[in-house]
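Listed below are the residues making up each chain.
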Amino acid sequence: MCGIYGFLTRGDVNRRILRAMGDVLSHRGPDDEGEVFLDEGGIGLALGHRRLSVIDLSPAARQPMANEDQTVWITYNGEIYNFQALRSELEQRGYRFRSHSDTEVILRLYESGGIDCLQKLNGMFAFALWDRRQKTLFLARDRIGEKPLHFGLIPDGIVFASEIKALLKHPQISRDIDLKSLSKYLTYEYVPAPNSIFTQIKKLEPGSYLAYRQGQIEVHAYWDIPLTDNPISYRTEQEYIEELRERFSRAVKARLVADVPVGVFLSGGIDSGLVAALAVREKPHLECFTIGFDEPSFDETAYARAVASALGAEQQVMTFTMREMAETLRKLPELLDEPLADASILPTYLLSKFTAERVKVALSGDGGDELFAGYPTYQAHRLVTYYDSLPGFVKTALRAAASYLPVSHKNISADFKVKQFLKGAGVSSEIRFFIWMGGFIDAEKRELLTGDVKAVLRAHNTYEDIFQYISTSKLTRDLERILYLSMKLYLQDDVLVKVDRASMANSLEVRCPFLDHELVEFVCHLPTVYKLNGIKTKYILKKAAEGMIPRAVITRPKKGFGIPLSRWLCTDLKELMLHYLSEDRIKKQGLFNFSYVRALIDSHLRKESDHRKLLWPLIVFQIWHERFIGSD
């Protein structure tokens, strides 16, 4: 796992710019660094690399790396899990290798078949590759989006990097905020690809590559999530269970290959429990890492200990106070170079920090919820059908009754669930799913945003990404569409961004067996009844887990990696909230209507409402804004 960066420009390159870009990515690769400057007949190319050594720790694997005649150069971030098989195949065809790295395998594979080499790679990756003969710079990203890659066009070239903060070191990259992206962030709690919070900076979408030549770019998709409507069942349930176990076991085994110590994130849930079970089978002395909290309602260590005990695994546990987690907020400006209102980044950061003290690589259970319909919102999707069938007067009565529910600031309280459920009623199932998961709906943004901002956004559709993805997928059934969208939006632009930034801030590589693309393709072709069976989530995954982890872990309700935001906003985070959402600060920005923001704060502090889903995105945005735009 590493950090990559560089730029292509007409004329000479400024070496100080490349150095500045690399310096802000040092956390992604503290073990080594490399920079290359090439003069390509009027075209200046600068390539940089910050290395976290995991495969082939020797200098032979140093990047940027070139072939023998230096007609192809690459700077690469990630892990290719089938690199040994690919290397063997290439050696049989006469290719010779100078290192034992997966980087050189990509290089030789490109020599062999050009950019179509992407089809053969099984792994997580982002790379920039310069082909001197074609005078073309290729940027490529893995199928699911585990590794990030951003780029920005400048008047005479292109700039790219693993993180946005590196692009901002280039003087030709502006910090102008994209107001459409701001609007989407307020709704989704993240900015959907291919856009970023900055007008000039884009994200290369997963499963895509970009070709830049002669001042022009072309972006091509080489893979997409292969969900189909109504997949036909051609095997028995038991046969599917057995194949799922076999495929998942292979995915876990492949991710244990490293030349450094490997561990496993172990929470109290089924996903990480299954990863741990299969990993420990391969490596019995593998360490599992768990964090707990001093507040019982947010502590899952009892379930994690039960899994570790059942597996006979070596478990490392660290218990944090809730105050320590609140203090982690100070790290937020350095973790995030665009707003992300997923508060679970705080415990994820603490877990990564703790794990990185003993290992360089950790396996996680991320992706299981999106693949197997694991979120409570999938259950709500089934239940809302009954609500929609009720007579209008009954719906009105239920809404009125919900308004009288006593407000509780406990995590996922009954009144919060009911009000979120009703908030999404009456709209299409796809949009409703993201209303349930997200922050501001359009009606609330009309109250929040100033007149000038609303004027710019008058013709903007917050949900245009949903419509575009539905059109691309050609799916017609609600559940299949939601599964597709949760991977194309929530997984790639929230979950994987959170995991990447929190882990790489601690120089820790995280690998996700659930996101093995061959496993994803298998699960995508399963009938949906094996994912959401009635209101039973993760149906086939739970069946596959039987006998592998304790039944109490399999059957327990899902509990996210959350924090007590509602209560904190009235206690530990109250002063921070009042500071960042102050009248002076809000009015200077000219983006938000302070009277509306103040009404949200007052209502929450008086415990008349639970506005965590509105206040937290605003606080995160303000923290980000101060760091990257300035407080004036």
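Details of the structure are given in the entry above.
The paragraphs below set out a description of the structure included in this document. (Residues numbered from 1 in each chain as written. Predicted model: local features only at pLDDT ≥ 70, side-chain atom pairs only at ≥ 80, totals over all residues. Heavy atoms only, no water.)

1. Overview of unusual backbone geometry
Move 1: For the peptide bond that leads from Gln63 to Pro64, omega is -5°, which places it in the cis range.
Move 2: Following the sequence through the fold, Pro64 ends up in the loop between strand E3 (43-51) and strand E4 (65-66).
Move 3: Residue Pro194 is reached from Ala193 by a cis peptide bond, and omega for that bond is 10°.
Move 4: For Pro194, the position within the fold is in the loop between helix H5 (179-188) and strand E10 (201-203).
Move 5: The backbone phi angle of Lys135 is positive, close to 50°, even though this residue is not glycine.
Move 6: Residue classification places Lys135 among the partly exposed positions, given a relative accessible area of 34%. (Helix = DSSP H or I, 4+ residues; strand = E, 2+ residues; numbered from the N terminus. Buried < 20%, exposed > 50% of the residue type's maximum accessible area, 1.4 Å probe, protein only.)

2. Focus on the environment of Lys574
Move 1: Positionally, Lys574 belongs in helix H25 (residues 574-580).
Move 2: With relative accessibility at 30%, the residue Lys574 sits in the partly exposed group.
Move 3: Along the primary structure Lys574 and Asp584 are separated by 10 residues, whereas in three dimensions their C-alpha atoms are 17 Å apart.
Move 4: For Lys574, the residues in contact, after removing those within four places along its chain, are Trp568, Leu569 and Leu605. (Contact = heavy atoms within 4.5 Å.)

3. What to know about H5
Move 1: With nine of 10 residues buried, H5 is to be regarded as a mostly interior element.
Move 2: If you check which residues of H5 are buried, you get Leu179, Ser181, Leu182, Ser183, Lys184, Tyr185, Leu186, Thr187 and Tyr188.
Move 3: Buried-residue contacts for H5 involve helix H16 (429-437), helix H17 (442-448), helix H18 (451-456), helix H19 (464-473), helix H20 (478-504) and helix H28 (612-628).
Move 4: N-cap assignment for H5: the residue whose side-chain oxygen lies 3.0 Å from the backbone N of Lys180 is Asp178. (Polar contact = N/O pair within 3.5 Å; in protein donor to acceptor, adjacent residues only side chain to side chain.)

4. Observations concerning the sheet that holds strand E11 (residues 208-213)
Move 1: What the six strands build is an open sheet, ordered E4-E5-E6-E7-E11-E12; its pairing is antiparallel. Looking at which strands have only one partner, the edges of the open sheet turn out to be E4 and strand E12 (216-221).
Move 2: In the sheet, strand E7 (residues 136-141) pairs with E11 via four bridges, with the strands oriented antiparallel. Considered in E11, the bridge of Leu139 is made with Leu210.
Move 3: Relative to the sheet, helix H3 (residues 102-113) contacts E4, strand E5 (72-80), strand E6 (123-131) and E7, its axis offset from that of E5 by approximately 130°. (Pairing = 2+ DSSP bridges. Axes fitted to C-alpha atoms, helices over the stretch in contact; angles between N-to-C directions.)

None of the figures reported here should be taken as evidence of function without further support.
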